[in-house]
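Working through the structure, step by step
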2 protein chains.
Amino acid sequence: MRFGDRGYPNCVNASVAKQLIESHLVSGEMKPGEEIAIRVDQTLTQDATGTLVMQELEALDLDRAKTEVSVQYVDHNLLQADEKNAEDHAFLRSACRRYGLWFSKAGNGVSHPTHMKHFGKPGKTLIGSDSHTCAGGSLGMLAIGVGGLEVASGIAGEPLYLRMPEIWGMRLEGELPPWVSAKDVILEMLRRHGVKGGLQRIIEYHGPGLAHLTAMDRHVIANMGAELGATTSVFPADDAVRVFLREQDREDDFTELVAEDADYDISDEIDLASLEPLIAKPSSPGNVVPVREVAGTPVSQVVIGSSANPGLRDFAMAAAMVSGRQSSDAVSFDVNPSSREIFADLTKMGATLDLISAGARLHQTGCMGCIGMGQAPASGTNSLRTFPRNFPGRSGTKEDSVWLCSPETAASAALTGEITDPRDLADKLELEYPSLDLPERATINLDMLVAPLEPDEAQREELVKGPNISALPDFPPLPDRIEAPVLLKLGDDISTDEISPAGARALPFRSNIPKLSDFTFTQVRENYPQQAAEIKDTTGHIVVAGDNYGQGSSREHAAITPRYLGLHAVVAKSFARIHWQNLANFGVLALEFDEPGDYDRIDEGDTLVLDRLRDLLPGDRHAQIHNATKDETYELHHRLSERQVEAVLAGGRIPLLARRPDADQEKVDV
Amino acid sequence: MRFGDRGYPNCVNASVAKQLIESHLVSGEMKPGEEIAIRVDQTLTQDATGTLVMQELEALDLDRAKTEVSVQYVDHNLLQADEKNAEDHAFLRSACRRYGLWFSKAGNGVSHPTHMKHFGKPGKTLIGSDSHTCAGGSLGMLAIGVGGLEVASGIAGEPLYLRMPEIWGMRLEGELPPWVSAKDVILEMLRRHGVKGGLQRIIEYHGPGLAHLTAMDRHVIANMGAELGATTSVFPADDAVRVFLREQDREDDFTELVAEDADYDISDEIDLASLEPLIAKPSSPGNVVPVREVAGTPVSQVVIGSSANPGLRDFAMAAAMVSGRQSSDAVSFDVNPSSREIFADLTKMGATLDLISAGARLHQTGCMGCIGMGQAPASGTNSLRTFPRNFPGRSGTKEDSVWLCSPETAASAALTGEITDPRDLADKLELEYPSLDLPERATINLDMLVAPLEPDEAQREELVKGPNISALPDFPPLPDRIEAPVLLKLGDDISTDEISPAGARALPFRSNIPKLSDFTFTQVRENYPQQAAEIKDTTGHIVVAGDNYGQGSSREHAAITPRYLGLHAVVAKSFARIHWQNLANFGVLALEFDEPGDYDRIDEGDTLVLDRLRDLLPGDRHAQIHNATKDETYELHHRLSERQVEAVLAGGRIPLLARRPDADQEKVDV
């Protein structure tokens, strides 16, 4: 592996989070709310978002990854109900060979624990096109989930731009009692602070309670920081991290990174000894209550796995609990090993046999039901999962009833067929808290983790594209004059789901923008794709919208597919943050009314004119649009930074990055 | 378990097949081609066909299964992409509890090997709503795959009607050489005789070569007798069967059943020592060639599993071959354990660890890719599978390229990334033929095989029906006078796929006849369901067709769904055999033109009149239809037996069976 190395002073006043940011700061001021840019050491992508990232690398005309480590995992789309999944896997493999990325084959494991085991390194930055990338914070990394183009840019050597978050110090005291584990710590955080409690914050865990949490326990806590809405979570790189890296035969990769008596923007604490088994009720990770409060509720399914409880310990605990017993006749007891190395260790320990014998359905290693790939429960029946999310319908069942809990609580329900506080098992089943005998060295098997090719070999590689994989379309520069009709006039709070729907019909085409475009706005106007396509090569079109346009999921497709169909500009009362950024990234002009009342003056079908855009935009944040149909002019403004104006005029960040004269030469100093 | 027992004379002249038939003969003469009826001892159903069987039991108003053993397996629809699979499983479990059936939970295993291990018994008859039910012939059973209503009737105590097949004696000489296994024997049969070679025949294996084939080897051979088109295959119950039952701790269930120097209708032989590794090329099980002829072909996927190679030995062989080695970087190496007991034995042996370490993706136990539930390969790439079928598109990939072979040949390709004769591994990889050390006693775990409830408890059970599970509709008697329009006039060779399509859109509704009806004939006439529904409760309708109406798959839905939409009669030049039987089973009158030229005189929309049907049909095979629109009369005939006439007049076999006064009292003498 080609890790670089970088030492840190054993700083005692700056928080770990600030040390990580400062050591990677490329531009900006570390003041909460200010835009900063940080250097990207590592990236990870998974297959559901990675195909688009690889198409973006192709569009950028990248020669070779400029990061220290970039890894493409295949862990999401493993069911292969038709040829598209396998073709995506083959495409991703070829892209890794071409661009100098690591490739983690289908069946190797879930990205987050696998990355932690093989690539995680204290003091490094990691960005990933998966919202649970923040799990990397368990090793003293700054690990952030972002959009695909940010990852592609990072691979191409660009820094990550973000608003400096507040640092939220969370002091841990005491030690967890028996039957209570790391999952209950993050569930306690969600019980206290809800799903928006972490917005614009980095949660930094510190204090004496850390001494009793292994690195993998910390992974459980950092992973579900995403559910608090946090930018990321950070743990120090202390002795527990050293022990973890030693187990992985990577002690050389250890660098101590701690902060004693650091100043935090906000301070809070948890006494671990006071916690009890907790569970998130349907259908939000924030609906947390003590397990005892809902004990006795019947259960139809129990699932153990996912990046939220990925460690050997989590599976071994469940196996020890069911060893020599039988899961309830009425329960489907599903187990998804998180990596094949953990599966191998479980097998060596005898835990695999315990699970099989107790009636578990052992599934292939991967995310599986956590991202709705199979394991959908029957309507209206209760499914207990060690997963991070239980949003309505995410399981694949429209009328689902999914609960989130620890492996201890999940295994208890598998045995009894109802929600059960594991502390009550001694009475119910004469089951005492098991002591686990985990191996001191983890199984290490790198054979399904395919290393990058040497540069000269890589340059000869061709991308393998099955019938469903297209190249990204070209993104021509924004014209200097736009004269185009208003094809849609929309109301407030239009979500990215309404712009580019998810679901089983559309998702298989996520590697195929032209095909995926056929679904654009169809939830709002069935024939929008046809209407837009007809005038795509002549006038193009404009969309007018109300407040909060583009709320919801971060999917880039909601910017790319209308752009592909000829969308030049969206004129709205206001925009949701991430979609607004995605529009800029993909060269669509986002303009806001100075006078919201002007929204009412425009009708669908009106022709709007924007002129001398090249002069206009760089100058100030003001713009004008002329309604040729009504012969009226409206005052507008934009909020784009200089960097973003340049991107929009160029047709988006992809052509901008691709045409830099030094694109191939630039090296990041590591 | 409540097996009965029945001894057989150690008969030396009648074939095993004839002994089995004779001992179960209820009516008819054992002359090839004549209709016979045989008593049904055991049934098996799987979840993809079983939901309809259970709905049929409900429609029959059955109180309790009248067979010795009836088992419902859940092995097909395990992916659970939405709630329908889990709801089917819950429905099946409740139906087993209500009707006194065994229930094999999801994750327990594939029906055929699991049935063989726990219920298979020499001398018994078994029918199953799965075409590979014939695998049961490996234990000296008469095991036949049939339609769902035949199974439902069997569970209700009715005999099975079939045409007496010819008995095809297949003498086996010699012993298989290293690297050649049972799969190569059945591939040799397919190489010689093709996919129609077994039509209207029972293949009976005998001779000295049997001494070297275990019962599970014979399962492999009997299973794929389905691909020869045979009614079934039969092996004697000899010492190998005794050994198998002893391994399963069921030696008491052994009854010797052999035939020495029996007379066969046709005789043939295979010298096992002369066989070499064989492979069926895409896309028919009959395209068999020696592996060496196609060696070097690149491979993208290897899958080991399914009822065609379900034994511990098959997986252990693959594991031994890959032990300490790594599967090719370019290959997805998938393994589907066929039952959790075999998975447990593989784990105890160390084979599970060998497979995981070599890069295998271990999937949940079940049929998986064999019935197109996942594991679809990339378009145009070669997938080697130990499965029984490789019809085009069955893998889930439209442009697929699937090959069928032994575990030895499959594992060779997993290692080398190309089709490889395992005999060449010594040179290529220094890999010698492994000797396997299999346990003398199999793991036995009955905990996921749920026994029938006691009758009084069963009667209190309610069927659990999720939103997607309907009751079977009512089937009213055929009216005495039909005056109805011709809603469709069709050409020749209309297949059941055109009548009731398969595929991902329609199949999830197989438990829901009203919903599934919305797909009826839509490949031919998109608005047929609406048109038919409009006149369903007034006139109903008639379909006119050319030759070979209803060819293809045996699915009952192609009779039930048009019937549900008001189809009274099909008037055709001729009918395909199975669909013709299904029409009679579900109360639709199948009439053929005396003068095929009359077909041309009828137009769509004509009103046809059939009068005094109750007098007409029982009398002779002659009928008349009056075209009221054209004022013409055509001469017709039917080919229904007296039994079938009674069924059609009653509205099908379900109401007929349901209304028998003694339906609940009748007991089969066992």
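Residues numbered from 1 in each chain as written. Chains lettered and ligands numbered in written order. Predicted model: local features only at pLDDT ≥ 70, side-chain atom pairs only at ≥ 80, totals over all residues. Heavy atoms only, no water.

Here's the deal with the sheet that holds strand 10 (residues 201–206) of chain A
Residues and elements named next belong to chain A. Filter applied, for reference: Any two strands between which DSSP finds at least two bridges are classified as paired. Secondary structure counts use DSSP, requiring at least four H or I residues in a row for a helix and at least two E residues in a row for a strand, with both numbered from the N terminus. Lines fitted to C-alpha atoms define the axes here, with helix axes fitted over just the stretch in contact, and angles between the N-to-C directions of these axes take values from 0 to 180 degrees. Any two residues whose heavy atoms approach within 4.5 Å are treated as being in contact.
Taken in spatial order, the four strands of this open sheet run 11-10-9-12, and their pairing is parallel. In the strand order of this sheet, the two ends are held by strand 11 (232–234) and strand 12 (266–271), each with one partner. The average angle at which neighbouring strand axes cross in this sheet is 25°, direction not considered. Across three bridges, strand 10 lies against strand 11 in parallel orientation. The partner of Ile202 across the bridge, within strand 11, is Thr232. Together, strand 9 (166–173), strand 10 and strand 12 form the strand contacts of helix 6 (residues 182–193), whose direction differs from that of strand 12 by roughly 125°.

What about the relation of the copies chain A and chain B?
Cut-off, in case you're wondering: Our superposition of the copies is a least-squares fit, built on the C-alpha atoms of residues whose pLDDT is at least 70 in both.
Screw-axis analysis of chain A against chain B gives a translation of 0.0 Å along the axis, an RMSD of 0.1 Å, and a rotation angle of 180°. When the rotation and shift are considered jointly, the pair of chain copies conforms to a two-fold rotation axis. Residue His363 of chain A, judged by its C-alpha, is the member of chain A lying nearest the rotation axis, at 2.5 Å.

Observations regarding the interface of chain A and chain B
Stated precisely, the cut-off is as follows: Here's the idea: put two parts together, see how much 1.4 Å probe accessible area each one loses, and the total over both is what we call buried area. Only one rule defines a salt bridge in this text: a Lys or Arg side-chain nitrogen within 4 Å of an Asp or Glu carboxyl oxygen. Definition of a polar contact: a pair of N or O atoms within 3.5 Å, with one able to donate and the other able to accept a hydrogen when the atoms are protein atoms, and with sequence-neighbouring residues admitted only if both atoms are side-chain atoms. Each residue gets one of three labels, nonpolar for Ala, Val, Leu, Ile, Met, Phe, Trp, Tyr, Cys and Pro, charged for Asp, Glu, Lys and Arg, and polar for the others, Gly among them.
In this complex, chain A contributes 49 residues to the contact, which on the side of chain B involves 49 residues. With both chains or domains summed, chain A and chain B bury close to 3,800 Å², and 52% of this area falls on carbon and sulfur atoms. Of all residues in chain A, the largest losses of buried area upon contact with chain B belong to Asp329, Ile356 and Arg361 of chain A, amounting jointly to 17% of the total for that side. Its salt-bridge partner being Arg97 of chain B, residue Asp329 of chain A comes within 4.0 Å of it at the nearest N-O pair. Where chain A meets chain B, there are 30 residue pairs in polar contact (both at pLDDT 80 or more). Of the residues contributing to the side of chain A that touches chain B, the split by class is 19 nonpolar, 18 polar and 12 charged.

Section: the confidence of the model for chain A
Residue and element names in this part refer to chain A. Note the threshold: Values of pLDDT, the confidence the predictor places in each residue, fall between 0 and 100.
Averaged over chain A, the pLDDT score is 92; the fraction of residues at 70 or greater is 95%. Confidence over residues 661–670 falls short of pLDDT 50; this stretch has 14 contacts with residues more than four positions distant or in other chains. Confidence estimates for the predicted assembly give a pTM of 0.88 and an ipTM of 0.88.

What about unusual backbone geometry?
Cis geometry marks the peptide bond from Pro282 of chain A to Ser283 of chain A; its omega dihedral reads 0°. Looking at where Ser283 of chain A falls in the secondary structure, it is placed in the loop between strand 13 (278–280) and strand 14 (288–290). The residue Asp261 of chain B is not glycine, and still its phi comes out positive at about 50°. Relative to the elements of secondary structure, Asp261 of chain B occurs in the loop between helix 8 (239–247) and strand 12 (266–271).

Comments concerning the pattern of salt bridges
Charged atoms that come close allow side chains of opposite charge to pair. Filter applied, for reference: Type-normalised accessible area, obtained with a 1.4 Å probe on protein chains alone, sets the label of each residue: buried when under 20%, exposed when over 50%, and partly exposed for intermediate values.
Counted under the stated rule, the structure contains 78 salt bridges over all chains. When the shortest N-O distance is used, the salt bridge between Asp421 of chain B and Arg423 of chain B registers 2.7 Å. Take Asp421 of chain B: its relative accessible area is 0%, and that puts it in the buried class. Several salt bridges share partner residues, and in doing so they unite Glu276, Arg292, Asp421, Arg423 and Asp424 of chain A into one network.

Brief notes about the domain arrangement of chain A
Residues and elements named next belong to chain A. As a reminder, the rule being used: All domain edges in this entry derive from an automatic or database-based domain assignment.
By domain assignment, chain A separates into domain 1 (10–274), domain 2 (278–429) and domain 3 (482–658). Using only C-alpha atoms to locate each centre, domain 1 and domain 2 end up separated by 25 Å. Together domain 1 and domain 2 conceal approximately 3,000 Å² of surface at their shared face, both sides included; 64% is due to carbon and sulfur atoms. Linking domain 1 with domain 2 are one salt bridge, by the criterion used here. Measuring nitrogen to oxygen at the nearest pair gives 2.6 Å for the salt bridge that ties Glu227 to Arg389. Sort the elements by how many residues they give to the side of domain 1 that touches domain 2 and helix 6 lands first, with six residues.

Let's talk about the sheet that holds strand 7 (residues 142–145) of chain A
Residue and element names in this part refer to chain A. Spatially, six strands are ordered 7-6-3-4-5-20 in an open sheet, and the strand pairing comes out mixed. The two strands at the open ends of the sheet, each matched to only one other strand, are strand 7 and strand 20 (449–450). In the sheet, strand 5 (residues 102–104) pairs with strand 20 via two bridges, with the strands oriented antiparallel. The partner of Ser104 across the bridge, within strand 20, is Leu449. Together, strand 4 (69–73) and strand 5 form the strand contacts of helix 3 (residues 83–99), whose direction differs from that of strand 5 by roughly 155°. Where helix 5 (residues 148–155) meets the sheet, its contacts fall on strand 3 (42–45), strand 4 and strand 6 (125–128), and the angle it forms with strand 3 comes to roughly 140°.

Points about the packing of aromatic side chains
Residues and elements named next belong to chain A. To keep things clear, this is the line we draw: For this analysis, a ring pair means two rings from Phe, Tyr or Trp (six-membered ring only for Trp) whose centres lie within 6.5 Å, classed as stacked if their planes differ by under 30 degrees, edge-to-face if by over 60, and tilted for the remaining angles. Both a distance and an angle decide whether a charge sits over a ring: NZ of Lys or CZ of Arg must be within 6 Å of the ring centre and within 35 degrees of the ring normal.
Throughout the structure, instances matching the rule amount to 14 aromatic pairs over all chains. Ring geometry for Phe521 against Tyr528: centres 4.8 Å apart, planes inclined by 75°, an arrangement best described as edge-to-face. Across the ring face of Trp168, the terminal group of Arg201 is positioned such that the distance to the ring centre comes to 4.8 Å.

A few points about helix 19 (residues 557–564) of chain B
With seven of eight residues buried, helix 19 of chain B is to be regarded as a mostly interior element. Restricting attention to buried positions, one finds in helix 19 of chain B the residues His557, Ala558, Ala559, Ile560, Thr561, Pro562 and Arg563 of chain B.

Some thoughts on the nonpolar core
Just so we agree on the cut-off: In this description, a nonpolar core means a group of buried Ala, Val, Leu, Ile, Met, Phe, Trp, Tyr and Cys residues linked to one another through side-chain atoms lying within 4.5 Å.
If you look at the biggest cluster of nonpolar residues, it comprises 243 residues, and the most contacted ones within it are Tyr549, Val570 and Leu589 of chain A together with Tyr549, Val570 and Leu589 of chain B. Counting 80 residues, the second largest nonpolar core, distinct from the first, contains Ile279, Ala344 and Ala410 of chain A together with Leu362 of chain B.

Remarks on the packing of helix 9 (residues 312–322) of chain A against helix 10 (residues 340–349) of chain A
All names here are of chain A. Formally: Definitions for this section: a left-handed crossing has its near helix turned counterclockwise from the far helix by less than a right angle. A right-handed crossing has that turn clockwise.
Running from N to C, helix 9 and helix 10 cross one another at 35°; their axes reach a closest spacing of 10 Å. In this structure, helix 9 meets helix 10 at a crossing whose hand is right-handed. Between helix 9 and helix 10, the contacting residues are Leu312, Phe315 and Ala316 on the first element and Ile342, Asp345, Leu346 and Met349 on the second. Of the residues contributing to the contact of helix 9 with helix 10, the split by class is six nonpolar, no polar and one charged.

Things to note about the packing of helix 7 (residues 215–223) of chain B against helix 8 of chain B
Residue and element names in this part refer to chain B. Quick note on the threshold: Here the word oblique covers every angle except those under 35 degrees (roughly parallel), over 145 (roughly antiparallel) and from 65 to 115 (roughly perpendicular).
Between helix 7 and helix 8, the least distance of the axes is 9 Å, while the angle of their chain directions is 110°. Put simply, helix 7 runs roughly perpendicular to helix 8. Across from Ala215, Met216 and Arg218 in helix 7, the residues of helix 8 making contact are Ala240, Val241 and Phe244. Here the residues of the contact of helix 7 with helix 8 are counted per class, giving five nonpolar, no polar and one charged.

Re the layout of surface pockets
All names here are of chain B. Where we set the bar: Cavity and pocket criteria rest on a 1 Å grid covering protein atoms alone: a 1.4 Å probe that fits but cannot get out defines a cavity, protein on both sides within 12 Å along at least 5 of 7 lines defines an open pocket, and an atom within 4 Å of a point defines a lining residue. Grid points are joined across faces, edges and corners, and a volume is the space filled by probe spheres set on the points.
Its boundaries defined by the atoms lining it, the second largest pocket holds a volume of some 820 Å³. Lining the second largest pocket are 34 residues, and of these Thr214, Met216, Asp217, Arg313 and Leu438 lie nearest its centre. Secondary-structure elements contributing two or more residues to the lining of the second largest pocket are helix 7, helix 8, helix 9 (312–322) and helix 10 (340–349). Residue composition of the lining of the second largest pocket, by class: 20 nonpolar, five polar and nine charged. Both domains that furnish three or more residues to the lining of the second largest pocket are identified here as domain 1 (10–274) and domain 2 (278–429).

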